[in-house]
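Given next are the chains, with one letter for each unit.
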Amino acid sequence: MANVFDAVHMPSPLHAVTVPNFPIASGTATGLFAPGEEPSLTGIPEARAREDQTFPEGREIGGAGSHSYSEDFYYRMHILPSLIDVGNLTEKATYTIEVFNAFLETVSITEIGSFDAEGLMLSGFDLPEAVLALTSVFGELLVAMDGPPRIDGRFVFEFTEGEPVTLRVTGSRIVTFSVPPDWSRKVVERLSYWTDVLEARDGTEQRIRMRRLPRWSMEYGILESGETLNLLDSMLAGWGARTFLVPVWWMKSALDRPLLAGEVSAECHTEGRGFAPGSPAVVWQDAHRCEAVEVLSVSPGSVTFANPVGQEFEEGYLIPAKMCRMTQTESSLGLLTSSLAEATLAFEAEEPEDTPPAGDGDMLEGKDVFPFRHDWTSQRKRSVSWSLNMYDSGTGLPVRTPRRNWPTDSLEARDVLFGTIAEANAFKAWVARAGARAGSFWALIEEEQLLPSRGIEAGTTLIYVKNAAYGLLVSETACRNRLFLRTADGERLVFRVTSYMETEGGDFLLFTDRTWPRSVPVGQISRIGFVVLCRLDQDDFEIERRQDLLGRTSLSLRGVQNWVSTT
């Protein structure tokens, strides 16, 4: 018996095929037959040649067709290219878009939908547009400079046959603000938190953190002339209302060697400079020769870019940068002469400053101890205030009663000097940990408030101080029973006074909550002062930057209620 198959197309993955059955006739085979004659079967054994012998109507054969190139390419529509990465766009760009019909019949483009396509213009397609079998039609994509800084648009093509196909466009619009600051003028970095503080009559506070990450901004002055002044004027006039890529100038790192066109990495100092994978940076030689890059990876001594640089830099800097807008609605230049001008520029970043909080530092009773010291080259102001209820009927003397039995210590000016970028970064990380005004901590009042009269013996809990009326007036006040001791070699010890007694010589013996680990002669005790529970009295922090990596900030601290018992 022989089975006869017609040509069957077997699509993948599974297809059931019905095999036809044929009746078997009896007779003797006569050999070849002439054209047009019906074949006859003879000589077949009787057991197999019964005319009434039939098979079932059919049987199914299961199987899977193998995938082929024709199934990947044909019977669908193609967009070429389907992904366009414009990179760092510095001028408008045009791309040719091809729509290819891989069907064996005519297919029409019925609709083109656009999503997040501000500044992207697709032209050249007349809808509905018929595309003949195995042919192409062409259009143009214009990527304009007007639009959001980050480009991530989609065009979805729909057809009369087949699935919709998407054209995606990615990249960024970047105009680098390449004019550097005049370092003889003030250059300020600013962090802006937001905390809602509610204070009750007894001095207790409820602090609500409204902004988890601070807004970042910077302000600096410039003094320019000649071609750089013309460049500045053009940027302000042509791009001032849009987003700039602004270098963080005080974070610049000098290139260790020339950077050639086509290279994808630069050798420079990277520690603490703010380079991070996925973030922008600027290779900068001067205001007229710079190039924006995207950081791919950072390693000690080198930074790798996502794309090669397009020009050569014999020398210069690699500077981390931020996407910023100018905060002023009006930018003005102070013209000193016809070719010399000065200006003050302010920029605010498009994204908040995500500074990792600092790790654990010195702790006292579960709270941080403020880790930064006052710069005594500047004046410091400290105030003690009381909260009073006052009733005045006008007919007699006014009546004043304290709202609470503790004063508020406020440090209205506390200047902190940073000698390195790492110290300034540590300050920003500490502020992030404190949450600006939202947190509380212990602050050292570094004046010489108590003078030692004897040295400290190891293994004891005693400190002898000269009589300064401490025991008579403030030792039992909750806000003044914590002290710190600093030695001549810089060691700092923080402790709490549990009780006191007056000695025969008129000095005071203070009993502390800690056992002294070693003996300290009286001549080695450089300072004993109070430790006050405080919070920051500001949500905006300005760090004045210097070209030689120095920085300075001024803080306001406010004392808060301390409910810890003195016993």
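Residues numbered from 1 in each chain as written. Predicted model: local features only at pLDDT ≥ 70, side-chain atom pairs only at ≥ 80, totals over all residues. Heavy atoms only, no water.

## What about the sheet that holds strand 11 (residues 165–173)?
Moving on, step 1. The strand order across the open sheet formed by 5 strands is 4-11-10-6-8, and the pairing between neighbours is mixed. Edge positions in the sheet fall to strand 4 (83–89) and strand 8 (129–131), since each has one partner strand and no second. Taken pair by pair, the neighbouring strands of this sheet meet at an average axis angle of 25°, ignoring direction.
Moving on, step 2. With 8 bridges connecting them, strand 10 (residues 150–159) and strand 11 associate as antiparallel partners. In the strand pairing of strand 11, R154 is matched with R168. (Pairing = 2+ DSSP bridges. Helix = DSSP H or I, 4+ residues; strand = E, 2+ residues; numbered from the N terminus. Axes fitted to C-alpha atoms, helices over the stretch in contact; angles between N-to-C directions.)

## Concerning the layout of surface pockets
Moving on, step 1. As a volume, the largest pocket reaches approximately 1,000 Å³.
Moving on, step 2. Around the largest pocket, the lining comprises 38 residues; the ones closest to its centre are G278, S279, P280, A321 and K322.
Moving on, step 3. In terms of residue count, the dominant contributor to the lining of the largest pocket is strand 22 (residues 317–326) (4 residues). (1 Å grid on protein atoms, 1.4 Å probe; cavity = no way out; pocket = protein on both sides within 12 Å on 5 of 7 lines; lining within 4 Å. Points joined across faces, edges and corners; volume = space filled by probe spheres on them.)

## Description of the confidence of the model for the chain
Moving on, step 1. Here the chain averages 82 in pLDDT, and 85% of its residues register 70 or above.
Moving on, step 2. Segment residues 1–33: pLDDT under 50, and 68 contacts once partners within four positions in sequence are set aside and those in other chains are kept.
Moving on, step 3. Counting contacts from residues 38–49, a segment whose pLDDT is below 50, to residues more than four positions away or on other chains yields 26 contacts. (pLDDT = per-residue confidence, 0-100. Contact = heavy atoms within 4.5 Å.)

## Things to note about the side chain of R535
Moving on, step 1. Summarising the element assignment, R535 is placed in strand 36 (residues 525–536).
Moving on, step 2. R535 gets classed as buried once you look at its relative accessible area, which sits at 3%.
Moving on, step 3. A polar side-chain atom of R535 sits 2.8 Å from a polar atom in the side chain of E205.
Moving on, step 4. Reaching out from R535, the side chain makes a polar contact with the side chain of D537 at a distance of 3.2 Å.
Moving on, step 5. Not counting residues within four places of it along the chain, the set of residues in contact with R535 comprises V197, E205, R207, R437, G439, S440, F441, S556, L557, R558 and V560. (Buried < 20%, exposed > 50% of the residue type's maximum accessible area, 1.4 Å probe, protein only. Polar contact = N/O pair within 3.5 Å; in protein donor to acceptor, adjacent residues only side chain to side chain.)

## Section: the pairing of strand 13 (residues 195–199)
Moving on, step 1. Relative to strand 14 (residues 205–209), strand 13 runs antiparallel, the two sharing 5 bridges. Bridged to D196 within strand 14 is I208.
Moving on, step 2. In this antiparallel pair of consecutive strands, strand 13 and strand 14, the connection spans 5 residues, and G203 shows a positive phi of 95°.

## Some details on the packing of aromatic side chains
Pairs of aromatic rings are described using the distance from one ring centre to the other and the angle between the two planes.
Moving on, step 1. On inspection of all chains with the given rule, the structure shows 23 aromatic pairs.
Moving on, step 2. Here the aromatic rings of F370 and F372 are separated by 5.6 Å at their centres, their planes lie at 70°, and the arrangement is edge-to-face.
Moving on, step 3. Judged by its relative accessible area of 13%, F372 falls in the buried class.
Moving on, step 4. A network of ring pairs unites the aromatic residues Y193, F370, F372, F418, F427, W430, F441 and F541 as a single cluster.
Moving on, step 5. A cation over an aromatic ring shows up here: R289 above the ring of F313, its NZ or CZ 5.6 Å from the ring centre.
Moving on, step 6. Lying over the aromatic face of Y464, R454 brings its terminal NZ or CZ to 4.0 Å of the ring centre. (Phe/Tyr/Trp six-rings, centres within 6.5 Å; stacked < 30°, edge-to-face > 60°. Lys NZ or Arg CZ within 6 Å of the ring centre and 35° of its normal.)

## Here we look at unusual backbone geometry
Moving on, step 1. With an omega of -10°, the peptide bond running from L80 to P81 counts as cis.
Moving on, step 2. With respect to the helices, strands and loops of the structure, P81 is situated in the loop between strand 3 (77–80) and strand 4.
Moving on, step 3. The peptide bond linking L127 to P128 adopts the cis configuration, its omega dihedral lying at -10°.
Moving on, step 4. Here P128 shows up in the loop between strand 7 (120–123) and strand 8.
Moving on, step 5. Residue D116 is not a glycine yet carries a positive backbone phi of 50°.
Moving on, step 6. Following the sequence through the fold, D116 ends up in the loop between strand 6 (107–115) and strand 7.

## Some words on the pattern of salt bridges
Moving on, step 1. Under the counting rule described, the total for this entry stands at 22 salt bridges.
Moving on, step 2. The salt bridge partner of R558 is E205, with a shortest N-O separation of 3.2 Å. Of this pair, R558 sits in strand 38 (residues 551–559) while E205 sits in strand 14, and the two are 353 residues apart along the sequence.
Moving on, step 3. One salt-bridge network, held together by shared partners, links E199, E205, R207, R535, D537 and R558. (Salt bridge = Lys/Arg side-chain N within 4 Å of Asp/Glu carboxyl O.)

## Quick notes on the pairing of strand 21 (residues 302–305)
Moving on, step 1. In terms of strand pairing, strand 18 (residues 265–267) meets strand 21 through 3 bridges, oriented antiparallel. Within strand 21, the position partnered with E267 by the bridge is S302.
Moving on, step 2. The sheet contact formed by strand 20 (residues 289–299) and strand 21 spans 4 bridges and is antiparallel. Residue pairing across strands places V295 opposite F305, the latter belonging to strand 21.
Moving on, step 3. Hairpin connection from strand 20 to strand 21: 2 residues lie between these consecutive antiparallel strands, with G301 at a positive phi of about 90°.

## Here's the deal with empty space enclosed by the protein
The gaps of empty space that remain are located by a probe, the size of a water molecule, rolled over the atoms.
Moving on, step 1. As enumerated under the stated definition, the model contains 1 cavity of 30 Å³ or more in all.
Moving on, step 2. Reported here for the largest cavity is a volume of approximately 40 Å³.
Moving on, step 3. As for the largest cavity, its lining consists of G147, P148, P149, R173, W239, R242, T243 and R325.
Moving on, step 4. Grouping the constituent residues of the lining of the largest cavity by class yields 3 nonpolar, 2 polar and 3 charged. (Nonpolar A, V, L, I, M, F, W, Y, C, P; charged D, E, K, R; others polar.)

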